[in-house]
Every structure is written in C-alpha cells, then in structure tokens.
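Now for the letters of each chain:
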Amino acid sequence: MTTEELYRRLEQGPVMMDGATGSNLQKAGMPTGVCPELWILENEEALLELQRSFVEAGTDILCAPTFSGNRIKLEEYGLGDRAEEINRRLVALCKKAAGSRALVAGDMTMTGVALEPVGPMDTEELIEIYKEQARYLYEAGVDLFLVETMMSLAETRAAVIAIKETCHLPVIASLTFQEDGRTLYGTDPVTAVVVLQSLGADVIGINCSTGPEKMLPIVRQMKEYAEVPLMVKPNAGLPALVDGETVYPMTPEEFASWGPAFVEAGAGLLGGCCGTTPEHIRLLAGAVRGRKVKEPKNCHPAMLASERRSQEITLDGKFLIIGERINPTGKKALQAELRAGKLDLVEEMAQQQEALGAHILDVNMGTNGIDEKEMMLRAIHRIGMVSSLPLCIDTSHVDIMEAALRIYPGRALVNSVSMEKVKIEKLLPLVKKYGAMFILLPLSDEGLPANAEEKIGFVRQIVDRAKDLGIPETSIIVDGLVGTVGADKRAGLDTLETIRYCRERGLFTTVGLSNISFGLPERAYINGAFAAMAIQSGLTMAIANPSNGLLMGMTAASDFLQNKEGSDLAYIERVKQMGAAATPAVKKVEMVEEKPAETKVVSGERPPVFEAVVKGNKEGICALVEDALKGGVSAREILDEMLIPGINEVGRLFDTQEYFLPQLIAGANAMKEAIDYLEPILQEKETGQKKGTVVIATVEGDIHDIGKNLVALMLKNYGYEVHDLGKDVPAGEIIRAAEECDASVIALSALMTTTMMKMKETIFLRNQKKMKTRVIIGGAVTTQSFADEIGADGYSKDAAEAVRLVDALLGKEGGR
C-alpha cells in the first residue's frame, strides 16, 4: 500500500482499526508471565479466531501481533535470536486472518530501554534495532506500519526514521498521553504533531492510557496543526477491579457513542486499545459509517520544537529572538571548557537565555582542539535537560549537521543553507529527510552578493531548489545578510530591501543585528535604530544576545506599537523583568563567561553540588563534591544540605510540571553518583543508620521497569535500604525476600492491565502470613481506587510521590 492509496481510502470515510489483542487473548487462555508472541505461535487458533472476529466487525486494518517483537523485548524471554522467525510467522498468521478483507499493519513499540541521556541506549543503536524488526515485517509482507503506545517522542522519531530508511510503506506514529495531556516524557499533543509530520509520519495517532473522554480534547488540539490524518484507539475506559478481576467498564454501546465526536474532531482512523472487543469495534464502525472525514490542513505550519515545547512562527506574530550565546567564537572561557570536555557553561548560557526571553537557542561548537561532532551531540543532550527551547543547529560541517538532526528529539532549525555547492546539494536533502526548518543564507561559492538585487536572486534560487525537494516555503527563514555600514553605506538599505521583498512574498526573515555596527563607536545606538527599521520592514526574528536589555525592551515595544496579539501584557512583563536597568544583566553573562567556576554569580547563591543535582549533571557532580570536601564541607553536610535539598527541588519542579520524567531521572542519577562517591566516607565516619528497608519489584508477567528503577533510585537517595528484585517477579518470591530482610515496605510496579492482579496476590500472601510490612503500588495502569480495592497501603503516581508516601507510612522526618 502507498500513502496516496491510504489517503484515497480516507476520502471514502473513516478507516477502522482493530481492538485489543492482549486482554482478549488473556480471556482466551493466555497466562500472565509468558511471551505473548511465542504463546500466539503455540496457540494460533486463538489469534485467528480473534482477528477474524475483528474483520467480521468491520476492521479495515489488522495489527500483526508483533507489538513486542523487537530484539530487546524478545531477549527478556531468551528469544532475541528468534526475532526474525517470530516476526515473519506472526505476520503470516495475521495475513491468514485478514484474507482479502483487511490490510495488515506491522506493529512496533518501545524497547523498554531508555535513550540517552536518560538511559543507556544510543540513538543509532535504537534505530538499528527498529530497522531489524521493520525489515522482518516488510519482507513478511505487511501493508503499512503502526508504531504505537509510545511515551518518548525521541524513541518515536527513531522508529519512524528506521522504517523510512527500510521501505516506503505508510507509517502511523501513535503516542500515549496521560490525563494531564502530556506523554510521560513531557511532550504535548501539538509538539508531537509538529515533529512527527515534519519527519514524514503519514498518520499521527493517540492510543491507550485513557478512555474516549480524555482523548477527545487531544484530537482537537492535534487537528489545529495536523497536515496528515489522525488516528485514535482509546481504551474501554479506565481499568477497575470487579470480583477479583481487572475489567474495562465501558460497554460497547458507550464506547461506540464517542465515534461521531472523534470524526467531527478530526480523526480519520478509529479503533480500540485495552479492553475493546470485536463488539466494541462493530458498534463503533456502525456509529461512524457514512460520515465524512475532515481533510487535513494543507498549511504546513511554521513551527520549531524541542521534545517538550513548540514555537510557532508567523509573519504577523511576536518578534522572536534566537539566542546567540552558545558559540565559542570570541569566548575564551567557553573555548577552554569545551577543550576540557565540560559543558557547564553551555548549560548556564542555555538557562540564562531562556530566562531572559529567547525563543530559540543557537548551538555552535566550532572551535579548534575538540571533536566538534561529539561535543555537538553532547551539548544537544545536556541543553535538552535544562531548557525546553527549540534548537538552531549551527555548523558548517554536513556530517555534524546530520548527526545532530538524527538525535535531536524535536524539529530543529538548520543554520544555514546557501547557494554554495556543498551546502545546496547536501544540506537541503538533510533538511527534507529530518523535517527541519532552515536559515537561507543568500550567498554562493563566488562570495557575498554585490547588492540587494543579487541577494534576492539567491533567495529565489534557493527557495526554488527547496520546493523541488518538497520543502515548503514555510520551512524557510531568509537571512537578510547584514553587512557593516561603516564599510558599505548601503548595507542597511540593502538588507531592509531584502526583508521587505521577503515579507511581501510571505517568507520569514532573520538577521544578525550587531553586524551592522561592527567597528563603530557607541554601537548600541546603531543597532537599536536598525532593529526598529528592520522590524517595521517585516523582520520576523533576529539572532541576538537576549541579555541586551535595550534590544529586548525595544522589540517588546515594537510588538506593542504594531498591536500584535498579547503584546501589551508582554511589554509590561518585559519591563518588570528588566527592572531599573538592563546593564546588570549584560554584566552577569560576561561574568559567567570569564569565571565559569563561580556559578553563584548566576545561580542565586545555590551551592554547585545542589545545582548539579537540579541540572542532572551526572558527569560533573563528583568533581564538585570533591571540591566541596576540599573546601572543608563534611560529607554529611553535602548530603543533608546540598544533595537532599537538590533532589527535593527536582521533585518540586516535577510536581509543578516544569520538569518531566527525563529531568527527574537525570537528577536522581546525578545524586546517585554523588552518594556513591560519598558512601565510603560516610561509612568510615558515621554509623549511617538507614531510614528503613524497602523491597521493590515489577510483578510477575510484567517486564517493564523504567518507573520501578527510578523509584528504587530515589528511595536509595533518600536513605532507604532498597532490595530491587527486578521485573517479572512472582508474588511468593517477593514475600520471601521481604521476610528475609525484615522489610518495612514492599513496593510493587505494573504497567500492564494483564498483570495488575499479581499485586493483589502479593497482598493476599502478606496478609496470610500476618506480616506487618506495608505494601504500596504504582505504574501507569494503577490508580488510588485500585489500591483501595486490593487492600494496598498506598498508591503513588510517580517516583517523587513514592518517597513522600514511604516517609509518611513509616513516620520518618527529614523526607520531603
């Protein structure tokens, strides 16, 4: 099947996906704790009966039961070496069920191993793992791909890249959103759409986690920016415990009643996830039959994005600033840090510029004496942990640009593409492949344009080349190419003419403002006057230093005077932020550049060790701890006054949704590094009494452990002795371990509805043995009501809350 064929099918009406596989197969006899893929191959009739029922119910696209068929997942069951065989046989089985009445989608999902910098998985390694499975599925004859139940936008990108590099079949990329409207990694619906459709996903979807009611607003948000069709596969409500069994309470009739609303909101492909049966799908298909699917917008939204935030760019919207500070040119302190392999100053500059009002961050690692590619990739990871702003990748090397675009978990801005032969021939295809936007630099191998007419000629040529590759004009930002007015008196006029031309044609523009005044005295006057003239001529954004109070105030005032939406309040906020004068802000940045070790200058007198935890600086925290020890601070003081307050601050930021799972994990890992370093000193000088003993495990049949690992790490960091039993642990084994270590608390994790009841089994055994050990539960499928129903002593929705819960249960002081 081609993408065009799928889109033509949608013109005829909604396309029906299938419903749940796991929960239905469990009803058919599949036990918990087994490899679902292997069990299906050993019980083929169970799958054939289920999938034929879905086809009879009106399903147009069946999902092959290859959901966990990647090598990493299969290795959990010792089946990694059979990945090809398993995937091929499962596709063949699904095709047998589909016959000529339904298409077959190759189903893929997360590996369970987090990507760096959160986890150990390298992006390229992950792409290769996905490529393996994609190749097996493609060669087995699937019609399209479904990448589903994704919690990480970065991992979703990796899967889409892998499939696109394997074949040309349509790709549906579907994420799972929590009740707060974000993924576990902090991605909002609009950002997901911006990133995935620009990368080449043919359909964007939402599945699992919630029922129809919570999913409907997400579809509406996505539709505003979607230029591709949308898919929805909600659960049959939230799971509940009924007569000792986990059930999804939403009836087929109620489930189907949401169908028309989903189509009206913009969904074109509809199906079901956990708890949905063939009857759910049959009634849903009937409810939407004959309805017209809304066409995707053909607007090519001009938006950049990080993993957690998108930035819209409009001709008539607010003026934007691309923060220029992360560039070693002329910055001796930054050059020295990069040569030493450090990125602390890069982090400081990223945070400062975001706080001062930048909308995008330019990242340039071009200096001698370093591996520029390595430092660029490390910088992208580190900046992403401390700032949510989209990045502008600034390098003249094609290989570095591709490496950066490959790992960047958002939609980046490429700086830049010119008519130079290497740039135009090699960079433009990368822009297209990775869905980036780019800065158009109007010059050629012959050099700078002689005048505005020649400059505009280069603009036309590059725009035409981009459009030939399928890159829309809304992905282009033209650099006005500011010359120095001291050397060329027409430099300003030529740039303004270029800006006006672009504005009339509908092209976005940017400039390096300070170039205009190079070599002249009192440059601020010229820069300010030129900026005002450029903005009036239609300038969209500028590459500038956001600590320049005059510039930032003037741009806010310009927006206000042009009556741009929200500009009145924005101007007032800008003036408040500037305070009495802008000069101190400029000095602060200069001080950081010249004295990178003196972090107190920009960190509100917070200790460097504290800051390292908050920033998740795992690489540098031990050196900071060592410095503190040498400065006379005791190990206990470091723990009590820097590390614990630091992780408390991480928890606070997580609770207020300023931080998300990646930053929470990074902070916990940084703290662990410091505690591991301090532990021998603490043991030597102090008795080091633990606050209590906790046994933690993912229950039998469940092989997900990212959340469980984080809870274990956080509890250790807070002074608890933690016995981590791993994943897929039987209830009896958990109880035995708790008895042997006299545990105060048993912490249970489950991410699958099919394994939730193992938690109740553990509680039953505890009660049978009349143990006083408390049991707490957590995991994506669990709720407080479920905890109450099975008799758990507590429920926590995340790792930070788990620490508070254990502290409260045990009556400990000094917690959070």
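A few points on the structure. (Residues numbered from 1 in each chain as written. Predicted model: local features only at pLDDT ≥ 70, side-chain atom pairs only at ≥ 80, totals over all residues. Heavy atoms only, no water.)

1. Some details on the overall build of the protein chain
Counting its secondary structure elements, the protein chain contains 33 helices and 25 strands. Over its C-alpha trace the protein chain gives a radius of gyration of 28 Å, about what one expects of a compact globule, namely 28 Å for 816 residues. The C-alpha extent of the protein chain, read off along each of the three principal axes, is 85 × 75 × 45 Å. Residues counted as buried form 58% of the 816 residues belonging to the protein chain. (Helix = DSSP H or I, 4+ residues; strand = E, 2+ residues; numbered from the N terminus. Rg over C-alpha atoms; globule rule 2.2 N^0.38 Å. Buried < 20%, exposed > 50% of the residue type's maximum accessible area, 1.4 Å probe, protein only.)

2. A short note on the nonpolar core
Ranked by size, the top nonpolar core spans 206 residues in total, and within it Phe438, Leu643 and Met714 carry the most contacts. Beyond its immediate sequence surroundings of up to four residues, methionine 714 is in contact with Ile647, Leu664, Ala668, Ala799, Ala800 and Val803. Counting 26 residues, the second largest nonpolar core, distinct from the first, contains Val729, Ile746, Ala750 and Ile777. (Core = buried A, V, L, I, M, F, W, Y, C linked by side-chain atoms within 4.5 Å. Contact = heavy atoms within 4.5 Å.)

3. Description of the sheet that holds strand E24 (residues 774–778)
Strand pairing within a sheet occurs via backbone hydrogen bonds; the two strands may be parallel or antiparallel. If you trace the five strands from one edge of the open sheet to the other, you get E22-E21-E23-E24-E25, paired in parallel fashion. The open sheet has two free edges, formed respectively by strand E22 (721–724) and strand E25 (794–795), since each of these has just one partner strand. As defined by bridge partners, strand E21 (residues 693–698) adjoins E22 across four bridges and the pair is classed as parallel. For threonine 693, the partnering residue across the bridge sits in E22 and is glutamate 721. Running at roughly 180° to E24, helix H31 (residues 757–768) makes contact with strand E23 (745–749) and E24 of the sheet. (Pairing = 2+ DSSP bridges. Axes fitted to C-alpha atoms, helices over the stretch in contact; angles between N-to-C directions.)

4. Concerning the state of the cysteines
By the definition in use, this model includes zero disulfides. The closest cysteine sulfur to the non-disulfide-bonded cysteine 392 is located on cysteine 502, 17 Å from its own sulfur. (Disulfide = S-S within 2.5 Å.)

5. Observations concerning the sheet that holds strand E16 (residues 413–418)
Spatial ordering of the closed barrel is given by E13-E14-E15-E16-E17-E18-E19-E20, a layout of eight strands whose pairing is parallel. On average, each strand axis in the sheet is inclined to that of its neighbour by 30°, with strand direction left out of account. Relative to strand E20 (residues 541–544), strand E13 (residues 320–326) runs parallel, the two being bridged by four bridges. Looking at the pairing, isoleucine 321 lines up with alanine 542 of E20. Contacting E16, strand E17 (437–441) and strand E18 (476–479), helix H19 (residues 452–468) crosses the sheet at an angle of about 150° to E17.

6. Details of the environment of glycine 646
By the element assignment, glycine 646 lies in helix H27 (residues 635–655). The buried category is assigned to glycine 646, whose relative accessible area is 0%. Measuring from C-alpha to C-alpha, the distance between glycine 646 and valine 613 comes to 5.5 Å, with 33 residues separating the pair along the chain. Once residues lying within four places of it in the same chain are set aside, the contact partners of glycine 646 are Phe610, Val613 and Val614.

7. Focus on helix H26 (residues 621–630)
Listed in full, the buried residues belonging to H26 are Ile621, Val625 and Ala628. Along the axis of H26, the buried positions cluster into a sector of 60°, meaning they face one direction only. Backbone geometry just after H26 places glycine 632 at a positive phi near 95°. (Arc of directions from axis to C-beta.)

8. Let's talk about unusual backbone geometry
Cis geometry marks the peptide bond from glutamate 116 to proline 117, where omega comes out at 10°. Locating proline 117 in the fold gives a position in the loop between strand E3 (103–108) and helix H7 (123–140). Phi is positive for threonine 149, close to 55°, though the residue is something other than glycine. If you trace the backbone, threonine 149 turns up in strand E4 (residues 144–150).

9. Description of the pattern of salt bridges
Pairing between side chains becomes possible if they bear opposite charge and their charged atoms approach one another. Here the structure, examined in full by the defined rule, presents 52 salt bridges. For lysine 564, the salt bridge identified is with aspartate 559, shortest N-O distance 3.2 Å. As far as burial versus exposure is concerned, lysine 564 and aspartate 559 are alike and both buried. Of the charged contacts in the structure, one is a salt bridge between aspartate 798 and lysine 797, with a shortest N-O distance of 3.4 Å. One continuous salt-bridge network, built from bridges that share partners, spans Glu124, Glu128, Lys131, Glu165, Glu402, Arg406 and Lys433. (Salt bridge = Lys/Arg side-chain N within 4 Å of Asp/Glu carboxyl O.)

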